[in-house]
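So you can see what is in the structure, the chains are spelled out below.
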2 protein chains.
Amino acid sequence: MEIENIDVNSYPGSEKVYIDGKLHPIRVAMRRVNLTPTVKIIDGERLTRENGSVYVYDTSGVYTDPNVTVDINAGLPRLREEWIAGREDLEQLSCITSDYGRMREADSSLDSIRFSHRYAPRRAAEGREITQMALARQGVITPEMEYVAIRENNNAEALGIKSHITPEFVRQEVAAGRAVIPANINHPEAEPMIIGRNFLVKLNTNIGNSALSSGIEEEVSKAVWSCYWGGDTLMDLSTGDNIHETREWIIRNCPVPVGTVPVYQALEKVNGKVEDLTWEIYRDTLIEQAEQGVDYFTIHAGALRAHADMVQERLTGIVSRGGSIMTRWAVIHDQENFLYTHFDEICEILARYDVAVSLGDGLRPGSIHDANDRSQFLELDVLGQLTEIAWKHNVQVLIEGPGHVPMHKIRENMDRQIDKCHEAPFYTLGPLTTDIAPGYDHITSAIGAAQIAWMGTAMICYVTPKEHLALPNLEDVRNGVITYKIAAHAADLAKGHPGAQVRDDAMSKARFEFRWKDQFNLSLDPARARQYYVESHKDDDHFCTMCGPNFCAMRITQQLVDDCAK
Amino acid sequence: MEIENIDVNSYPGSEKVYIDGKLHPIRVAMRRVNLTPTVKIIDGERLTRENGSVYVYDTSGVYTDPNVTVDINAGLPRLREEWIAGREDLEQLSCITSDYGRMREADSSLDSIRFSHRYAPRRAAEGREITQMALARQGVITPEMEYVAIRENNNAEALGIKSHITPEFVRQEVAAGRAVIPANINHPEAEPMIIGRNFLVKLNTNIGNSALSSGIEEEVSKAVWSCYWGGDTLMDLSTGDNIHETREWIIRNCPVPVGTVPVYQALEKVNGKVEDLTWEIYRDTLIEQAEQGVDYFTIHAGALRAHADMVQERLTGIVSRGGSIMTRWAVIHDQENFLYTHFDEICEILARYDVAVSLGDGLRPGSIHDANDRSQFLELDVLGQLTEIAWKHNVQVLIEGPGHVPMHKIRENMDRQIDKCHEAPFYTLGPLTTDIAPGYDHITSAIGAAQIAWMGTAMICYVTPKEHLALPNLEDVRNGVITYKIAAHAADLAKGHPGAQVRDDAMSKARFEFRWKDQFNLSLDPARARQYYVESHKDDDHFCTMCGPNFCAMRITQQLVDDCAK
């Protein structure tokens, strides 16, 4: 299998660098953008002044390390293997333990599509508390915690900017439940990252085939592609054939945490018949996926039987797939949602692998009309109760949020979430601030995402231009990721994240000095910036085609500065 | 000359309709989107229920009226001609009065590029106060005021939604200076519109050739194209050859108000030499353009000599072309900016044609680093003083605003502007909320524009994906306009504009009922929404490829509603 269309070595003007840990033998990857010097001709003499490098938070993994050759068939190097192998609170299993996993393993007809390098999973030794949250509460600073502390301070560190983000601060945030490090012990390929409102805003991307389109290769390509552009986590929402095998390929090759919605696969196992879903099938699916290395599960345990009747007040009913499945199951069987009734047991399973739970907002509004309504907020109250249960098991918790929300109703979402869910990190889809722009919903939603992230949402789930219309292709993924990088970075600036503005300042200085290459190299999408430029420029213009030579304000300003100096 | 690439009759599922005035014999154009009925099959019987039409604010002029054939060479029908012809406070000139205009008229070498249907201009009769503001203050409700009142209530009217926007309310807002109706008496082709924070948020588009590219045909095409997609006003920022003739073509064919920055042309007249600019050349340019029908002038009268020294504190100096020109002129001559010293005289000229002044923010920040700095806010104070002067002359005033501003500094811009500029409408460029995404600055800026518009900015100036890199082509204009329609509409929803949510609700209902064609027809860009859909669908799917048949939340919800009803 090959990753096509991706020139993963193509961050221009950049070097992959590694910063060593001080507490642990870790090396934290970053991208360093090296800039050209400022050049001035004064009285015929050419004076140059160096411009310091800019360190960029790097989600692309070793795909962009020229010293590493990645073989998709072998999977990524297992970065965390040594950290995990030394832990005496874990046990090495001799084989996978889920019924479904074993069945697939035994099916030789799947050999041709199977990822061949298999690893036996680990889990917590009996009676041991092994999650990042459990360790944080015990006062342990894990390698993962030191890793993210260094990673979050990309420019702060290099420039001596004072940062509140220390390994000990990370530990405290994880212990308090205000931040999550999704790090399944069975996904050692992932580079640790942290989700919490006192850290950089993160963005999640969704990929996944549906019954109608998209194959394994395409999904792996999309996963790598989304990491290349800046996706911090990746949800595999596949609902078609061979979900199990697709997921294995993705996890083994994914340098960022992977999330899933287990009920999708559970439903496939009963051929799409909601009424045939059972707790036992779901439970086995959790174990199956946890042993593959999924880092967080979206679980719609808050959509209760009682909420179903309220749906009829809505313009667009239930728009969450998981929410609609579980609510319908509850109505058909006239029983409570089994994810709710079995939530303790779910947490026991998750705790053994350190899978975080992302509590799904099954009743998120699907239209401006339905925003902030009764059922949405009643479900949020339930998510708050479930958060406390999960934390009892030391399971890390994210809370999922809307959806479609007009700007004036965004604040209430954030404030209520912090209050009702005890400061567990909020993870929102957009929100979309209007319904009337299909084809541009990356933009309708980035407007909302930037605002809610500034207010405290820790992770925003990207939306592509194809939302509501079709599945995204690679170019849509790129547009979605860059759009959400913009929203996240705008929020980081507004929140005053240490060092966030360094990149903006470097860009603006390069702009003022007509250092075009530095502008491209510093931008979120260097290839596109360069492409737009070269389509209409000669190489060394000291102005751009927007204004022409006589009307370039920056050129005139530089003349002005010279005038003033005379 | 022909408008290429524009299928101006292509709003699908829509009709051009006209609403009659009650005070004046006016007909206000709107677009009515007609929807298909809701269909349900119950017990084998096909039940249908009609869905009411949605009225869309329409900026496209008669280009989208199938009963009108537009000849670009003849110009648009002169909608306001009769309203104006009847006014005894105006005088009909026998010829144009600017020196430059006469010179161009006499130059037969220009015949081949000249718009041939010429009209002699009008101006205020001696001693008469003729602007919309003057009339409003006298208690007169003009046809323009009634027109915009009807226009602003597109859906409110049809649905019986109570609206605060009456013709009398419009008059009061214009009289108070809180709103502007840009309506040069020499641009009768334009359909009246209003800019003020108690009305729908408007968006301005910029077109214009530079010395390096773009010709007359292309600029006229862009003008019509931008109106087609939803631009409310249009600035012609041409700086290349034949500006005078290009402008004539644009104005005669433009159904929305046209703005310019007269100093650009004045500078061309002195061959780009800032030091050679004079008040006399500038003054003649104002008259030349006012008699062509320009509806508002951006005038950088607030960038003072004293501000020049502060520029050196900045990372990106002055990024306003007009601001940099005037500041440099002041430094070279060691004199005050002549636009400031002659501001009374400027207002006297503008008042004779009812040209509004848009007070340029010559010192707007060009980077996150420079946002909300000393020079920016000192200039804003000056703009407030100039506002009072303009209002003494009954000249309508807009205040231009930034620029590059991180989200947490946006609020201060709005609050200060309202305070210092006495509630004159604010008109901002973005603001861009980060500097690091060239190629995507329509998005970095839409995030800021939506917020500042919600806070009270009356008009937002679009930014295209090519900002900072190159001049936009037609596709960039489309992307820029739609992106800004999103920002403006998101703000209208957040402000609770009467009837704004009608379109969102209709869209969401169509979505829930899988009425795909209605979704396309109701969207801001029907062609793109349809294109994305048809690329991956069979026609009548009751789900979309995003989730596939078993995982469509809306389909499951409909089954759920059926279950509940059993």
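Criteria and thresholds
Think of each chain on its own: its residues are numbered from 1, step by step along the sequence as written. Lettering for chains starts from A, numbering for ligands starts from 1, and both go in the order in which the items are written. A pLDDT threshold of at least 70 governs which residues receive local features in this predicted model, and a stricter bar of 80 or more applies before side-chain atom pairs are shown or counted, although totals over entire chains, interfaces and linings include all residues. Water and hydrogen atoms were dropped before computing side-chain values, which therefore reflect all heavy atoms in the structure. The numbering of helices and of strands both runs from the N terminus, where a helix is a DSSP run of H or I of at least 4 residues and a strand a run of E of at least 2. Note on method: radius of gyration uses C-alpha positions; expected globular size equals 2.2 Å times residues raised to 0.38. Partly exposed describes any residue whose relative accessible area lies between the buried limit of under 20% and the exposed limit of over 50%, with all areas from a 1.4 Å probe on protein chains only and scaled to the type maximum. What makes two residues a contact is simply this: any of their non-hydrogen atoms within 4.5 Å. Throughout, the Shrake-Rupley method with a 1.4 Å probe supplies accessible areas, and for residues the shown protein chains are the sole cover considered. We treat Lys and Arg as the positive residues and Asp and Glu as the negative residues; His and chain ends play no part in the count. By convention, charge coordinates are those of NZ in Lys, CZ in Arg, CG in Asp, or CD in Glu. What a helix is expected to span follows from its residue count: subtract one and scale by 1.5 Å. UniProt positions are given in the numbering used here, feature names are shortened, and annotations may be inferred rather than shown by experiment. All copies are superposed by least squares; the fitting set is the C-alpha atoms of residues with a pLDDT of at least 70 in both. Here the rule is simple: two strands pair whenever DSSP picks up at least two bridges between them. Angles here are taken between N-to-C directions and fall from 0 to 180 degrees, while the axes themselves are lines fitted to C-alpha atoms, restricted in helices to the stretch in contact. Residues enter a nonpolar core if they are buried and are Ala, Val, Leu, Ile, Met, Phe, Trp, Tyr or Cys, with the set joined through side-chain atoms within 4.5 Å. What qualifies as a polar contact is a pair of N or O atoms within 3.5 Å, subject to a donor-acceptor requirement within protein and to the restriction that residues adjacent in sequence count only when both atoms come from side chains. Joining two parts hides part of their accessible area as seen by a 1.4 Å probe, and the buried area is that hidden amount summed over both. Whenever Lys or Arg places a side-chain nitrogen within 4 Å of a carboxyl oxygen from Asp or Glu, that contact is recorded as a salt bridge. In this classification, Asp, Glu, Lys and Arg are treated as charged, Ala, Val, Leu, Ile, Met, Phe, Trp, Tyr, Cys and Pro as nonpolar, and every other residue, Gly included, as polar. Each residue carries a pLDDT score, the predictor's own confidence in it, on a scale running from 0 to 100.

Attention shifts here to the overall build of chain A. Along chain A, the regular secondary structure elements total 21 helices and 17 strands. Its C-alpha atoms give chain A a radius of gyration of 24 Å, within 12% of the compact-globule value 24 Å for 566 residues. Expressed along its principal axes, the backbone C-alpha trace of chain A runs to roughly 85 × 55 × 45 Å. Counting only residues that meet the buried cut, chain A has 68% of its 566 residues in that class. Restricting to contacts in chain A with at least 6 residues of sequence separation, those with at least 24 account for 75%. Just so you have it, chain A exposes about 18,700 Å², and 47% of that area is on carbon and sulfur atoms. Side chains of chain A carry 57 positive and 82 negative charges; the gap between the two charge centres is 4 Å.

Right, let's get into helix 7 (residues 216–229) of chain A. Because an α-helix completes one turn every 3.6 residues, residues spaced three or four positions apart along the sequence face the same direction. All names here are of chain A. With 14 residues, helix 7 extends 20 Å between its outermost C-alpha atoms, agreeing within 8% with the 20 Å of an ideal straight helix rising 1.5 Å per residue. Restricting attention to buried positions, one finds in helix 7 the residues Ile216, Glu219, Val220, Ser221, Lys222, Ala223, Val224, Trp225, Ser226, Cys227, Tyr228 and Trp229. On its buried face, helix 7 is in contact with strand 10 (202–207), strand 11 (233–236), helix 8 (243–252) and helix 17 (474–495). The first or second residue beyond helix 7 is Gly230, which carries a positive phi of 130°.

With that settled, consider the UniProt feature "domain: ThiC-associated" (unreviewed entry) in chain A. Here the UniProt-annotated "domain: ThiC-associated" (unreviewed entry) positions come out as residues 11–91 of chain A. Between the end C-alpha atoms of residues 11–91 of chain A the distance is 40 Å, and the span holds 6% helix and 36% strand.

Next up on the list: the relation of the copies chain A and chain B. Relating the two copies of this chain is a rotation about some axis coupled with a shift parallel to it. Rotating chain A by 180° about the axis while translating it 0.0 Å along that axis superimposes it on chain B, leaving an RMSD of 0.0 Å. Considering both components of the superposition, the chain copies are consistent with a two-fold axis. Taking the C-alpha atom as reference, chain A places Ile447 of chain A closest to the rotation axis, 2.3 Å from it. Mapped onto chain B, 99% of the interface residues of chain A again fall at the interface, so both copies present the same surface.

Time to look at the sheet that holds strand 17 (residues 459–461) of chain B. All names here are of chain B. What the 8 strands build is a closed barrel, ordered 10-11-12-13-14-15-16-17; its pairing is parallel. Across this sheet, the average inter-strand angle for adjacent strands is 25°, counted without regard to direction. Taken together, the 3 bridges between strand 10 (residues 202–207) and strand 17 define a ladder with parallel strand orientation. Along strand 17, the bridge assignment pairs Leu203 with Ile460. The sheet contacts of helix 13 (residues 343–353) involve strand 13 (296–299) and strand 14 (356–359), and relative to strand 14 the element is tilted by about 140°. Helix 14 (residues 374–392) rests against strand 14 and strand 15 (397–401) of the sheet, and its axis sits at about 170° to strand 15.

Turning our eyes to something else, we now look at unusual backbone geometry. Leave glycine aside and you will find that most residues have negative phi; peptide bonds, for their part, are mostly trans. The peptide bond linking Gly430 of chain A to Pro431 of chain A adopts the cis configuration, its omega dihedral lying at 10°. Mapped onto the fold, Pro431 of chain A is located in the loop between strand 16 (426–429) and helix 16 (441–455). Cis geometry is adopted by the peptide bond preceding Gly403 of chain B, which originates at Pro402 of chain B and carries an omega value of 10°. Take Gly403 of chain B: it is sitting in the loop between strand 15 and helix 15 (410–420). Here the phi dihedral of Asp334 of chain B falls at roughly 45°; this positive angle occurs in a residue that is not glycine. A positive phi angle is found at His468 of chain B, which is not glycine, with a value near 75°. Positionally, His468 of chain B belongs in the loop between strand 17 and helix 17 (474–495).

Membership of the largest hydrophobic core comes to 277 residues, with the highest contact counts inside it found for Val170 and Tyr282 of chain A together with Val170, Tyr282, Ile299 and Leu350 of chain B. Considering every element that reaches this core, the biggest residue donor is helix 17 of chain A, with 11 residues. Those residues within four positions of Ile299 of chain B in sequence are excluded, and the remaining contacts are Tyr282, Leu286, Leu339, Ile346, Leu350, Val357, Ser358, Leu359 and Gly360 of chain B.

All names here are of chain B. Among the secondary structure elements, Ser98 is positioned in the loop between strand 6 (90–92) and helix 2 (99–106). A polar side-chain atom of Ser98 sits 3.0 Å from the main-chain amide nitrogen of Gly101. Not counting residues within four places of it along the chain, the set of residues in contact with Ser98 comprises Asp284, Ile287, Glu288 and Glu291.

The next point concerns the interface of chain A and chain B. With 107 residues of chain A at the contact, the number on the chain B side is 106 residues. Roughly 9,000 Å² of surface becomes buried between chain A and chain B when both sides are summed, with 71% attributable to carbon and sulfur atoms. At the boundary of chain A and chain B, one finds 0 salt bridges. Counting the contacts that link chain A with chain B gives 14 residue pairs in polar contact (both at pLDDT 80 or more). Among the elements that take part in the side of chain A that touches chain B, helix 17 of chain A stands out by supplying 11 residues, more than any other. Here the residues of the side of chain A that touches chain B are counted per class, giving 54 nonpolar, 35 polar and 18 charged.

This part takes up the confidence of the model for chain A. Looking at chain A, the pLDDT average stands at 92 and 95% of residues meet or exceed 70. With a pTM of 0.96, the predicted complex shows an ipTM of 0.95.

Okay, the side chain of Ser367 of chain B next. All names here are of chain B. When you line up the elements, Ser367 lands in the loop between strand 14 and helix 14. Judged by its relative accessible area of 0%, Ser367 is buried. A distance of 3.0 Å separates polar atoms of two side chains, one belonging to Ser367 and the other to Thr316.

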